[in-house]
Amino acid sequence: MLNQKPIKIIDATCGKGKTSWAIQLMNEADKPEKFMFITPFLSEVKRVKNAVTNRKFSEPEVDKDNVTKLDSLKRLVRLGKDIVSTHELFSNIDEATLTFIKSHNYTLILDEVANVIEQAQISKDDIKLLLGHDGNEPYVTVDENGFVAWKKEKYDGTFKRIERLAKTNNLMIFNNTAMFWTFPVSVFKAFKDVFILTYMFWGQSQRYYFKMFEVPMYFNSVELIRETGRFELIPYVKPTQENVAFLKQNINIYYPTRYNEKDMNAVGDKKGAFSKAWLTENVKDKEMVKFN
């Protein structure tokens, strides 16, 4: 079990003020405090940089010397800068960078859950080969918790990626038929405090990931206090207990009023709707549409 403070889950519906509470927290924190705000949305990167005025946030960038964004992120961590970045970069933090995260006492604010479990691309037959079920010497061993360890020395074959994942202690096997990469739980241990801003976390894969690694969690919700204009953490409100009346006041369902008026609700009727080509043509804000 990890010896760490509980992960603080801030669980509330969209629009309740989770990000606004985080911005308030960062604006009011003492200058020596260090923050890393991680979000899947480029719009939120800009929002944090503009809204947090008590400290200057840096965003990893590719510079004129062709330094990658990942190298830029590592450099900012070494310098102890306040950082705002994306989930994709955060998922590539290495053990060396964790040393600097610990030394600077960073607080992590994770906007929405991270991709903490991903299936490795390997066939059932290749798994049997790795386990030695074909009668040959096995490439890997599996401990009682399902973690895969690489044992074949001086290997230079088609399983190099599996070897790399196994050697970082982040590869698991299920029922001898599938392998899964797990996000290094040591990353969460490196931060002084961790806040996750999300909704319905109880049913998300990251909750089971924390449970698997025995990471303690503490739940809160957030509320705007009208009298003070401040966002405050409140005891956790389950989704079934949420007061969603305010949402109905802000939702207008559009219906075409004239016979020849285009029905804007029928966006998914045509073949190819929501494909890459469709989104590229129809979404005005191109930054909202990113393709790997």
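Scope of this entry: the structure provided in the associated data block.

1. A word on the side chain of Ser221
Here is step 1 of the chain: Note that Ser221 resides in strand 12 (residues 217-225).
Here is step 2 of the chain: Taking the relative accessible area as the measure of exposure, Ser221 reaches 2% and is therefore buried.
Here is step 3 of the chain: A polar side-chain atom of Ser221 sits 2.8 Å from the main-chain carbonyl oxygen of Asp11.
Here is step 4 of the chain: In contact with Ser221, other than residues within four places in its own chain, are Asp11, Glu232, Leu233, Ile234, Pro235, Tyr236 and Val237.

2. Brief notes about the environment of Ser58
Here is step 1 of the chain: On the secondary structure map, Ser58 appears in strand 3 (residues 57-58).
Here is step 2 of the chain: In contact with Ser58, other than residues within four places in its own chain, are Leu76, Lys81, Asp82, Ile83 and Val84.

3. Looking at the pattern of salt bridges
Here is step 1 of the chain: Applying the stated rule across the entire model yields eleven salt bridges.
Here is step 2 of the chain: Ionic pairing is found between Glu33 and Lys192, a salt bridge with its closest N-O pair at 2.6 Å. Of this pair, Glu33 sits in the loop between helix 1 (18-28) and strand 2 (34-39) while Lys192 is found in the loop between helix 8 (186-190) and strand 11 (193-198), placing the two residues 159 residues apart along the sequence.
Here is step 3 of the chain: Assessed through its relative accessible area of 29%, Lys192 is described here as partly exposed.
Here is step 4 of the chain: Here Lys167 ties to Glu163 by a salt bridge, and the two come within 2.8 Å at their closest N and O atoms. Taken together, the residues Lys167 and Glu163, both in helix 7 (residues 160-167) and four residues apart, mark about one turn of the helix.
Here is step 5 of the chain: Residues joined by salt bridges that share partners form a network here, namely Lys5, Lys8 and Asp193.

4. Observations concerning the packing of aromatic side chains
Here is step 1 of the chain: The full count for this structure, using the stated rule, is 18 aromatic pairs.
Here is step 2 of the chain: Geometrically, the ring pair formed by Phe188 and Phe210 is edge-to-face, given 5.2 Å between the ring centres and 85° between the ring planes. Placement of the pair is Phe188 in helix 8 and Phe210 in helix 9 (residues 205-212), with a sequence separation of 22 residues. In terms of burial, Phe188 and Phe210 fall into one category: buried.
Here is step 3 of the chain: Between Arg207 and the ring centre of Trp202, over which it is positioned, the NZ or CZ distance is 4.0 Å.

5. Digging into the side chain of Thr19
Here is step 1 of the chain: Mapping Thr19 onto the fold places it in helix 1.
Here is step 2 of the chain: Look past the residues within four positions of Thr19 in its chain and what remains in contact with it is Phe37, Glu44, Arg47, Asp111 and Leu197.

6. Considerations on the sheet that holds strand 9 (residues 171-174)
Here is step 1 of the chain: Taken in spatial order, the three strands line up as 6-10-9 in an open sheet, and their pairing is antiparallel. Since the sheet does not close on itself, it has two edges, and those belong to strand 6 (117-119) and strand 9, each with one partner. Pairs of neighbouring strands in the sheet enclose a mean axial angle of 30°, with direction left out of account.

7. Looking at a positive patch on the surface
Here is step 1 of the chain: Together, Lys56, Arg75, Arg78 and Lys81 line one region of the surface with positive charge.
Here is step 2 of the chain: Considering the arrangement of structural elements, one finds Lys56 in the loop between helix 2 (42-51) and strand 3.
Here is step 3 of the chain: With relative accessibility at 72%, the residue Lys56 sits in the exposed group.

8. A word on the sheet that holds strand 12
Here is step 1 of the chain: With mixed pairing, the eight strands of this open sheet are ordered in space as 3-4-2-5-11-1-12-13. The open sheet is flanked by strand 3 and strand 13 (230-235), the only strands paired with a single partner.
Here is step 2 of the chain: The sheet contact formed by strand 1 (residues 7-11) and strand 12 spans four bridges and is parallel. Within the sheet, the bridge partner assigned to Ile7 lies in strand 12 and is Met217.

9. Details of the packing of helix 1 against helix 2
Here is step 1 of the chain: Viewed as axis vectors pointing N to C, helix 1 and helix 2 meet at an angle of 35°, and their least axial separation amounts to 10 Å. Crossing hand, helix 1 versus helix 2: right-handed. Across from Thr19, Ser20, Ile23, Met26 and Asn27 in helix 1, the residues of helix 2 making contact are Glu44, Arg47, Val48 and Ala51.
Here is step 2 of the chain: For the contact of helix 1 with helix 2, the per-class residue count stands at four nonpolar, three polar and two charged.

10. As for the nonpolar core
Here is step 1 of the chain: Counting residues in each nonpolar core, the largest one holds 52 residues, and the members touching the most others are Met36 and Met179.
Here is step 2 of the chain: Residue contacts for Met179: discarding those within four places in its chain leaves Glu118, Gln119, Ala120, Ile122, Ile127, Leu130, Val148, Ile162, Leu171, Met172 and Ile173.

Here is what the cut-offs are and how they apply
Residues numbered from 1 in each chain as written. Predicted model: local features only at pLDDT ≥ 70, side-chain atom pairs only at ≥ 80, totals over all residues. Heavy atoms only, no water. Helix = DSSP H or I, 4+ residues; strand = E, 2+ residues; numbered from the N terminus. Buried < 20%, exposed > 50% of the residue type's maximum accessible area, 1.4 Å probe, protein only. Polar contact = N/O pair within 3.5 Å; in protein donor to acceptor, adjacent residues only side chain to side chain. Contact = heavy atoms within 4.5 Å. Salt bridge = Lys/Arg side-chain N within 4 Å of Asp/Glu carboxyl O. Phe/Tyr/Trp six-rings, centres within 6.5 Å; stacked < 30°, edge-to-face > 60°. Lys NZ or Arg CZ within 6 Å of the ring centre and 35° of its normal. Pairing = 2+ DSSP bridges. Axes fitted to C-alpha atoms, helices over the stretch in contact; angles between N-to-C directions. Patch = residues over 30% accessible without salt bridge, like charges linked within 9 Å, V, L, I, M, F, W, Y side chains within 5 Å. Areas by Shrake-Rupley, 256 points an atom, 1.4 Å probe, with all protein chains shown as cover. Lys, Arg positive; Asp, Glu negative; His and termini not counted. Charge placed at Lys NZ, Arg CZ, Asp CG, Glu CD. Left-handed = near helix turned anticlockwise from the far one by under 90°. Nonpolar A, V, L, I, M, F, W, Y, C, P; charged D, E, K, R; others polar. Core = buried A, V, L, I, M, F, W, Y, C linked by side-chain atoms within 4.5 Å.

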